[in-house]
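# Observations on the three-dimensional arrangement
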Amino acid sequence: MSLIKVKGSSITGSLPAIDGSALTGLSGGITHADIWDLSSTQTVSSGLQTFTAWQRQTSRNRTPEGSAMTESSGLFTFPTTGKWLISANFYTDGYQSTHYVGVILRNGNDENLQISYSQAKGSNPSWEHAYLNVQTFLDVTDTTSNDCKVYFKTDAGGARTWGGHASNGKSCALFIRLMDT
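The following refers to the structure shown. (Residues numbered from 1 in each chain as written. Predicted model: local features only at pLDDT ≥ 70, side-chain atom pairs only at ≥ 80, totals over all residues. Heavy atoms only, no water.)

## Details of the overall build of the chain
The secondary structure content of the chain amounts to zero helices and 16 strands. Taken across its 181 residues, the chain has 37% of its residues classed as buried. Contacts in the chain between residues at least 24 apart in sequence constitute 71% of all its contacts with a sequence separation of at least 6. Carbon together with sulfur atoms contributes 51% to the accessible area of the chain, which is approximately 9800 Å² in total. (Helix = DSSP H or I, 4+ residues; strand = E, 2+ residues; numbered from the N terminus. Buried < 20%, exposed > 50% of the residue type's maximum accessible area, 1.4 Å probe, protein only. Contact = heavy atoms within 4.5 Å. Areas by Shrake-Rupley, 256 points an atom, 1.4 Å probe, with all protein chains shown as cover.)

So this is what it looks like as structure tokens:
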């Protein structure tokens, strides 16, 4: 029994147990987390090209949570609606006379969602390295809509090799569902 004083009056009664059982509108945390590696190197001559050699990663304690993303010819489809965090890293090396590289995250309607460019430099001017990251939030309201599908493109002014490997994460994309839409 608790005693509460309100302007000279006393109110008595029992307080409910505070264990969270009466709370509503809360979710159990992250329900979907998926990671994909560029499974092999991808070499481009120049210009915009879609990254297409993807493999879902399940080794080295990188265990996905929930339903998997699906991928076809580089286009990723989300397994469920919600607000998603997308974060991707890309490693590149090789000779390039123009010294710039870029990665573009686009939706299925070819609209840019995030862009990252870097100047690729190395100790030997004929061999340069760069790491690029793109990340954004995407409100996936309809898993069949092109607005709610994504893919990654490379942009380079010359020949460029993008690092990929079936399990080392040189170039990878992470998809995490944060909450309901």
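## Remarks on the packing of aromatic side chains
Summed over all chains, the structure comprises 13 aromatic pairs. Centre to centre, the rings of Phe-51 and Trp-162 are 5.3 Å apart; their planes meet at 90 degrees, and the pair counts as edge-to-face. Of the two residues, Phe-51 sits in the loop between β5 (47-50) and β6 (54-56) while Trp-162 sits in strand β15 (residues 160-162), which places them 111 residues apart along the sequence. Note on accessibility: Phe-51 and Trp-162 belong to one class, buried. Grouped by ring-pair contacts, the aromatic residues Trp-36, Phe-51, Trp-54, Phe-76, Phe-78, Trp-84, Phe-90, Phe-152, Trp-162 and Phe-175 constitute a single cluster. (Phe/Tyr/Trp six-rings, centres within 6.5 Å; stacked < 30°, edge-to-face > 60°.)

## With respect to the side chain of Lys-149
Among the secondary structure elements, Lys-149 is positioned in strand β14 (residues 149-156). Among buried Asp, Glu, Lys and Arg side chains, Lys-149 stands out as unpaired, with Asp-142 the closest opposite charge at 8.2 Å. Here Lys-149 is in contact with Leu-75, Phe-76, Thr-77, Arg-106, Asn-107, Gly-108, Thr-143 and Thr-144, once residues within four sequence places are set aside. (Lys, Arg positive; Asp, Glu negative; His and termini not counted. Salt bridge = Lys/Arg side-chain N within 4 Å of Asp/Glu carboxyl O.)

## Topic: the pattern of salt bridges
Under the counting rule described, the total for this entry stands at two salt bridges. Between Asp-34 and Arg-56 there is a salt bridge whose closest N-O contact spans 2.6 Å. Of the two residues, Asp-34 sits in strand β3 (residues 32-38) while Arg-56 sits in strand β6, which places them 22 residues apart along the sequence.

## Concerning the environment of Leu-48
Position of Leu-48 relative to the elements: it lies in strand β5. The spacing of Leu-48 and Ile-104 is 56 residues in sequence and 9.0 Å in space, taken between C-alpha atoms. Once residues lying within four places of it in the same chain are set aside, the contact partners of Leu-48 are Ile-104, Arg-106, Lys-153, Thr-154 and Asp-155.

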